[in-house]
Amino acid sequence: MAALPFSTICRHSNSSLHSNSKSSFTGFSQRNNIGHLFLIRKCSSRRVVRKLCVKNVASDKKQEQNEPLTEQETLDKFVPDSASIAASIKYHAEFTPSFSPEKFELSKAFYATAESVRDSLIINWNATYEYYERMNVKQAYYMSMEYLQGRALLNAIGNLQLSGPYSEALRKLGHNLENVANQEPDAALGNGGLGRLASCFLDSLATLNYPAWGYGLRYKYGLFKQLITKDGQEEVAESWLEMGNPWEIPRNDVSYPVKFYGEITSGPDGRKEWIGGENIMAVAYDVPIPGYKTRTTINLRLWSTKVSPEEFDLQAYNAGDHDKAYAALKNAEKICYVLYPGDELIEGKTLRLKQQYTLCSASLQDIVARFEKRSGKAIDWDTFPDKVVVQMNDTHPTLCIPELIRILMDVKGLSWDKAWEITKRTVAYTNHTVLPEALEKWSLKLLQDLLPRHMEIIRKTDEVFIHEIISEYGMNDLDLLDQKLRKMRILENIELPNSVVELINSSIEIPDTDPIEERDVIDTNIKATEEKEEEAEAKEVEEDEDEVGKEEPEEDDGKEEPSVEEDTEKKTTWTFKVDSKQPTMVRMANLCVVGGFSVNGVAEIHSEIVKQEVFNDFYEMWPEKFQNKTNGVTPRRWIRFCNPDLSKIITKWIGTEDWVTDLEKLAILRKFADNEDLQSEWMESKRRNKIKVASFIKERTGYDVSSNAMFDVQVKRIHEYKRQLLNILGIVYRYKKMKEMSDEERKQSFVPRVCIFGGKAFATYVQAKRIVKFITDVGAIINHDPEIGDLLKVVFVPDYNVSVAEMLIPGSELSQHISTAGMEASGTSNMKFAMNGCLLIGTLDGANVEIREEVGEDNFFLFGARAHEISTLRKERAEGKFVADPRFEEVKAYVRSGVFGSYNYEELIGSLEGNEGYGRADYFLVGKDFPSYLDCQDAVDKAYRDQKRWTRMSILNTAGSYKFSSDRTIHQYARDIWRIQPLFLP
């Protein structure tokens, strides 16, 4: 742990601190005038020792907490000035070095500055943790596979209200704060909106003083670093940890065992025991998360994986069998190498499942240990849900449900009934997608092999839930019951358990009024799970059919409908059939709904789709479980810190800086939208930001762009449903029309544009990578066309991440959120752009719907089919009824003409053609929405020519974005789901 900016142990001559004792900070002189800050107390009190120590649940439980100091005595109130900060930075440069001592260059200045800031965070973290321990209130735990944090330095000193002192301190040391901050690599812990949302939530939780922690994994190489070459996207490993991470605090005393494979036995007391198999250790790394203008500093605990040194096979190593020697080490370490490893092969699937279980197991063991520590000697497990709530961010942490049951039953000795009830009251689930491939399914065989005890628990959960379904719907209508079971069961394509067979046999009786005909269920036709398990598993396809998240083919009605037969004695038999040709799967989303007490969507339209389509059967059964929590973003990072120019203007016209924590105050701007002075300041701020973006583009891509052109931006994960293809085809059509005109006609017909793309295509997503290649090829031709010049530029910014977004968003004027309606759960980048006065063009999808309502319909460029029309449009396409607009046929022919190079785009363009077939038939309706999109872009050009109107629209976008603060979202989670209250440090 790095040294604090003052001594953590203060020694005095007397035993108690006098109430009027005074504190002062002085520099401790070292060679080369390197100083460190120490606290000197001047008092006549006796000698005491004041320790600031981080208390971990794995520490000795017999340690007693020190009594807190009084307000006059505490260190927490100290506000450092630039001189003390400069001394602290110099100290870290000397005594906690990551670089050679000769020069104080930018990279060294960053690490020393970050370590200085971390000192302050640790002080507040300690105070927060100790207070949580003492008060023992209910705490929320946010479980996510991703946290897209971005750079931490400017955010941390901004939240600590120390931007000015740090800027001045670094100036004294010969550096500029912005240049120093640019040395920080982005933490490679996430991919897209899922991870960015989680990070925004942590910022809001700390700022609003809610008792909460985050849990995740410490990925060594992240997702990947994206390179753009002549061949398109290439992936290399991230290097964000190469020089160390100054923000993390290794907790070598906090580790938990995690087991894979093995077998299950029963102990003498009847408890199940999981023995043998592969054993690793999950070790904690803590990252302090500071709140804005508050001492509350919460924790993001990341797990790294290892094995004990004893697992290194020294004999094998000395014998020359090096692979065998460190096989166990590598097997453990690789779990946290890469975010979302490729899963086309069984090895990749296994690794992903190991990652998910490691997160769930280590985190829940930590949570349970903390509950026990806070409970003291008298542990009442019934109160566990009153002290703990676990929020699963999408389906990745689904294994929290069986893992919590396992801990409660096998480790703590609770019964099934009690463990199940506690779990159902503890765990909540956020759904982030309606895409079938993202509603995770795992092979039952893989789960059985890797996590045998959890598969037992999942089978039991499925069985209990089947009985709930039968209790809800009865057995009078067996067709309805069959339908419900097929849609709602946790286990897919598997026979019914024995208890269900027995229930049906005992419940379906011969009616008194009908002595001739009876309805019966024959045991030989309804096979029990245990009887057919091995046979079913043997028939599974280990590669393609095991693929997690693979969209299932349409069911064969003849095989999936219950069979009703009559024999000569008029007996009716009902058979629940399974398809032996299809794999047996575990539906993780269904398990989340069954095992959790709350299910929420992340935008109003998305939550309705969740209730009416994705989980409609569950909603009909448990309507009280379902609710909406529209996403939000933190206004600290996404406007206050990344756009200081605009922030100053907002503060000036609103009359207070309180909007940073009370975003509803942005609505005050509406009454000034027509004020010419505000419009002039607004335009000048945007102009300065655009100049920065133009310089950034030159640095990253080599392209010169004009800051006088409209900056038109689409930055997000590359996916067919997000329709970057629609955008680039629109640009191609625009370019073709320009080429058909004279120079004068072009200038009259088109507004100059710089079209900026950014985002990563998943390494194995071939079609998405084709789209990246297409965009870069189009840009290479257009950007070098002397006839077009600055009238049109196309730029793909490589390796899009949070820091790139913080640069691009303040200078953007038009942002594209053009997903196929009904397919985007929410989106959060649309909120960031709107906050920064950027106008949106988009469909009625995700949070676009609510943004348009808040900013005003006249200030949002809308096009495209509506969500309720999509299924009908796809059906019409399959029936051959779709007739393409001539402009769409024209642009496809232009691409095929070879104008953008020799690369064969037939697979890409072909996906937009035909009426059926995999990878065909324009599933995402690019062709359908293309004419509407072009017309809408014409409206954008018209509006942009009237800069007064455009600026007014920009102001109203910022004013209307107040709803989309993550502070509002977190307040709603805390009130409606978690039932937690803010806890203010004294």
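For clarity, every value in this text was computed on a predicted model and none was experimentally measured.

Cut-offs and rules
- Residues numbered from 1 in each chain as written.
- Predicted model: local features only at pLDDT ≥ 70, side-chain atom pairs only at ≥ 80, totals over all residues.
- Heavy atoms only, no water.
- Buried < 20%, exposed > 50% of the residue type's maximum accessible area, 1.4 Å probe, protein only.
- Helix = DSSP H or I, 4+ residues; strand = E, 2+ residues; numbered from the N terminus.
- Contact = heavy atoms within 4.5 Å.
- Pairing = 2+ DSSP bridges.
- Axes fitted to C-alpha atoms, helices over the stretch in contact; angles between N-to-C directions.
- Parallel < 35°, antiparallel > 145°, perpendicular 65-115°, else oblique.
- Nonpolar A, V, L, I, M, F, W, Y, C, P; charged D, E, K, R; others polar.
- 1 Å grid on protein atoms, 1.4 Å probe; cavity = no way out; pocket = protein on both sides within 12 Å on 5 of 7 lines; lining within 4 Å.
- Points joined across faces, edges and corners; volume = space filled by probe spheres on them.
- Core = buried A, V, L, I, M, F, W, Y, C linked by side-chain atoms within 4.5 Å.
- UniProt positions renumbered as here; feature names shortened; annotations may be inferred.
- Salt bridge = Lys/Arg side-chain N within 4 Å of Asp/Glu carboxyl O.
- Phe/Tyr/Trp six-rings, centres within 6.5 Å; stacked < 30°, edge-to-face > 60°.
- Lys NZ or Arg CZ within 6 Å of the ring centre and 35° of its normal.

Draft legend 1. Main features of helix α21 (residues 604-614). Buried within α21 are the following residues: Ile-605, His-606, Ser-607, Ile-609, Val-610 and Lys-611. The inward-facing, buried residues of α21 contact β22 (598-601), α22 (616-621), β23 (626-628) and α31 (848-855).

Draft legend 2. A look at the sheet that holds strand β26 (residues 792-797). The strand order β26-β25-β24-β27-β28-β29 describes an open sheet built from 6 strands, whose pairing is parallel. Of all the strands in the sheet, just β26 and β29 (861-862) have a single pairing partner and so form its edges. Of the strand pairs in this sheet, strand β25 (residues 753-758) and β26 are connected by 6 bridges, and their pairing is parallel. Following the sheet pairing, Arg-753 is matched in β26 by Leu-792.

Draft legend 3. Region of interest: the packing of helix α33 (residues 886-896) against helix α35 (residues 926-945). At a minimum axis separation of 9 Å, α33 and α35 run at an interaxial angle of 105°. By the angle class used here, α33 and α35 are roughly perpendicular. Counted together, Arg-887, Phe-888 and Val-891 of α33 and Val-926, Gly-927, Phe-930, Pro-931, Leu-934 and Asp-935 of α35 form the full contact between these two elements. Looking at side-chain class alone, the contact of α33 with α35 contains 6 nonpolar, 1 polar and 2 charged residues.

Draft legend 4. Spotlight on empty space enclosed by the protein. By the definition in use, this model includes 6 cavities of 30 Å³ or more. Considered as a void within the structure, the largest cavity measures approximately 380 Å³ in volume. What lines the largest cavity is a set of 28 residues, among which Gln-149, Gly-150, Arg-151, Ala-152 and Val-287 lie closest to the centre. Looking at the lining of the largest cavity, the elements that each hand over two or more residues are α2 (106-135), α3 (153-159), α6 (193-207) and β12 (278-290). When the residues that make up the lining of the largest cavity are grouped by side-chain class, the tally is 16 nonpolar, 7 polar and 5 charged. Space inside the second largest cavity adds up to approximately 80 Å³. Lys-716, Lys-722, His-817, Ile-818, Ser-819, Glu-824, Ser-826, Gly-827, Asn-830, Asp-845, Gly-846 and Asn-848 together form the lining of the second largest cavity. Taken together, the residues that form the lining of the second largest cavity break down as 1 nonpolar, 7 polar and 4 charged.

Draft legend 5. Focus on the environment of Tyr-340. Along the chain, Tyr-340 turns up in the loop between α9 (327-333) and α10 (346-375). Assessed through its relative accessible area of 12%, Tyr-340 is described here as buried. For the pair Tyr-340 and Arg-352, spaced 12 residues apart in the sequence, the C-alpha separation amounts to 6.6 Å. In this view, Tyr-340 contacts Met-145, Glu-146, Asn-191, Leu-194, Leu-223, Arg-352, Gln-355, His-396 and Phe-762; residues no more than four positions away in its chain are not counted.

Draft legend 6. Seen up close, the nonpolar core. Membership of the largest hydrophobic core comes to 157 residues, with the highest contact counts inside it found for Trp-303 and Trp-978. Counting residues in each nonpolar core, the second largest holds 54 residues, with Met-710, Ala-768, Val-895 and Trp-950 among its members.

Draft legend 7. The UniProt feature "modified residue: N6-(pyridoxal phosphate)lysine" (unreviewed entry) in the protein chain, seen in detail. Under the local residue numbering, the UniProt record ascribes the feature "modified residue: N6-(pyridoxal phosphate)lysine" (unreviewed entry) to Lys-832. Tracing the chain through its elements places Lys-832 in helix α30 (residues 829-835). With sequence-adjacent residues up to four places away left out, Lys-832 is seen in contact with Arg-196, Val-633, Trp-638 and Ile-809.

Draft legend 8. Broad picture of the sheet that holds strand β14 (residues 388-393). Read across the sheet, 9 strands follow the order β9-β12-β13-β6-β5-β14-β15-β22-β23 without closing on themselves; strand pairing throughout is mixed. Each edge of the open sheet is held by one strand with a lone partner, namely β9 (249-260) and β23. Averaged over all pairs of adjacent strands, the angle between strand axes in this sheet comes to 25°, irrespective of strand direction. Both β12 and strand β13 (residues 297-306) contribute to a ladder of 10 bridges, which runs antiparallel. Residue pairing in the sheet places Ala-284 in a bridge with Trp-303 of β13. Set on the sheet, α6 makes contact with β5 (139-143), β6 (212-217), β12, β13 and β14; between it and β12 the angle comes to about 55°.

Draft legend 9. Local environment of the pattern of salt bridges. Under the counting rule described, the total for this entry stands at 73 salt bridges. For Glu-806, the salt bridge identified is with Arg-637, shortest N-O distance 2.7 Å. Of this pair, Glu-806 sits in helix α29 (residues 802-808) while Arg-637 sits in helix α23 (residues 635-641), placing them 169 residues apart in sequence. Note on accessibility: Glu-806 and Arg-637 belong to one class, buried.

Draft legend 10. The packing of aromatic side chains, seen in detail. Taken as a whole, this structure holds 39 aromatic pairs when the rule is applied. Consider the rings of Trp-125 and Tyr-129, whose centres lie 5.2 Å apart with planes at 5°: the pair is stacked. With Trp-125 and Tyr-129 both in helix α2, this residue pair falls 4 residues apart, about one helical turn. Across the pair, exposure class does not vary: Trp-125 and Tyr-129 are buried alike. Consider the rings of Trp-213 and Tyr-215, whose centres lie 6.2 Å apart with planes at 55°: the pair is tilted. For Tyr-215, a relative accessible area of 0% corresponds to the buried category. Here the aromatic residues Trp-125, Tyr-129, Tyr-141, Trp-213, Tyr-215, Tyr-256 and Trp-303 are joined through ring pairs into a cluster of three or more. Its guanidinium or amino end placed over the ring of Trp-213, Arg-370 lies 4.1 Å from that ring's centre, counting from NZ or CZ.

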